[in-house]
Amino acid sequence: AVANASYASGDIETLWHEPYVWACSPLFEGATADPVSIVTEPLTTGCSLRDGSLRRLEASGRPWQVVFSSGSLAAVQSAVRAGLGVGWLPKSAVLPEFRILGEAEGFPKIGAARIGLYRSAKSDSDAARVLAEFLCEHLRQPGDTLALAS
């Protein structure tokens, strides 16, 4: 499986690093309000990157509250687009009309998630090996120096 290492543990072959950002709609006027209205995936979904980001936001003096959550990226994007709050999103999922928020607006840097290939120890067939090689060859981002070092 190709997955975000922030959601699971185990051996992973890194394919690329996906930067995450805070983003909002131009319609959203509450980026400086306390508490910050957050749009994200459900907090019950274990994600070390998201949890650390929210802890850093609070540690920086910015209390927050989740106003919308969904396991659907499209739903999270729609909620941000509608101006419900600040989204915690992969940079590749930031829509052109969104505004990325940073330290100047009181939002700490998030960092990047490690995306990689998980393989079961039982997947030692020729077909599984060929598929894994294909995925690594075609999904690995050649300019991602973090992925090449992992």
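Residues numbered from 1 in each chain as written. Predicted model: local features only at pLDDT ≥ 70, side-chain atom pairs only at ≥ 80, totals over all residues. Heavy atoms only, no water.

Draft legend 1. Structural view of the environment of V76. Along the chain, the position of V76 falls in helix α2 (residues 73-81). Judged by relative accessible area, V76 falls into the buried class, the value being 5%. Sequence spacing of V76 and E41 is 35 residues, and the spatial spacing of their C-alpha atoms is 7.3 Å. Discounting residues that sit within four places of it in the chain, V76 has contacts with V39, T40, E41, F68, S70 and L89. (Helix = DSSP H or I, 4+ residues; strand = E, 2+ residues; numbered from the N terminus. Buried < 20%, exposed > 50% of the residue type's maximum accessible area, 1.4 Å probe, protein only. Contact = heavy atoms within 4.5 Å.)

Draft legend 2. A look at the pairing of strand β3 (residues 36-40). With five of five residues buried, β3 lies mostly within the body of the structure. Here β3 shows two buried faces, one formed by V36, I38 and T40 and the other by S37 and V39. Here β3 runs beside strand β4 (residues 64-69); their pairing, made up of five bridges, is parallel. When the bridges of β4 are listed, V36 appears paired with W64. Each parallel crossover has a hand, and the one from β3 via helix α1 (residues 48-59) to β4 is right-handed. (Pairing = 2+ DSSP bridges. Right-handed = clockwise from strand over helix to strand, strands pointing away.)

Draft legend 3. Spotlight on the packing of aromatic side chains. For the structure shown, the criterion picks out two aromatic pairs. Ring geometry for Y20 versus W88: centroids 4.4 Å apart, planes at 35 degrees, classification tilted. Note that Y20 is positioned in strand β2 (residues 13-24) and W88 in strand β5 (residues 86-90), a separation of 68 residues in sequence. Look at W22 and F107: their rings are 5.6 Å apart centre to centre, the planes differ by 50 degrees, and that puts the pair in the tilted class. Here W22, found in strand β2, pairs with F107, found in the loop between β6 (99-101) and β7 (111-117); they are 85 residues apart in sequence, far enough to count as distant. You'll find W22 and F107 in the same group, each marked buried. Over the aromatic face of F107 sits the side chain of R62, whose NZ or CZ is 5.0 Å from the ring centroid. (Phe/Tyr/Trp six-rings, centres within 6.5 Å; stacked < 30°, edge-to-face > 60°. Lys NZ or Arg CZ within 6 Å of the ring centre and 35° of its normal.)

Draft legend 4. Seen up close, the environment of V66. Tracing the sequence through the fold places V66 in strand β4. Excluding residues that lie within four positions of it along the chain, V66 makes contacts with I38, T40 and L43.

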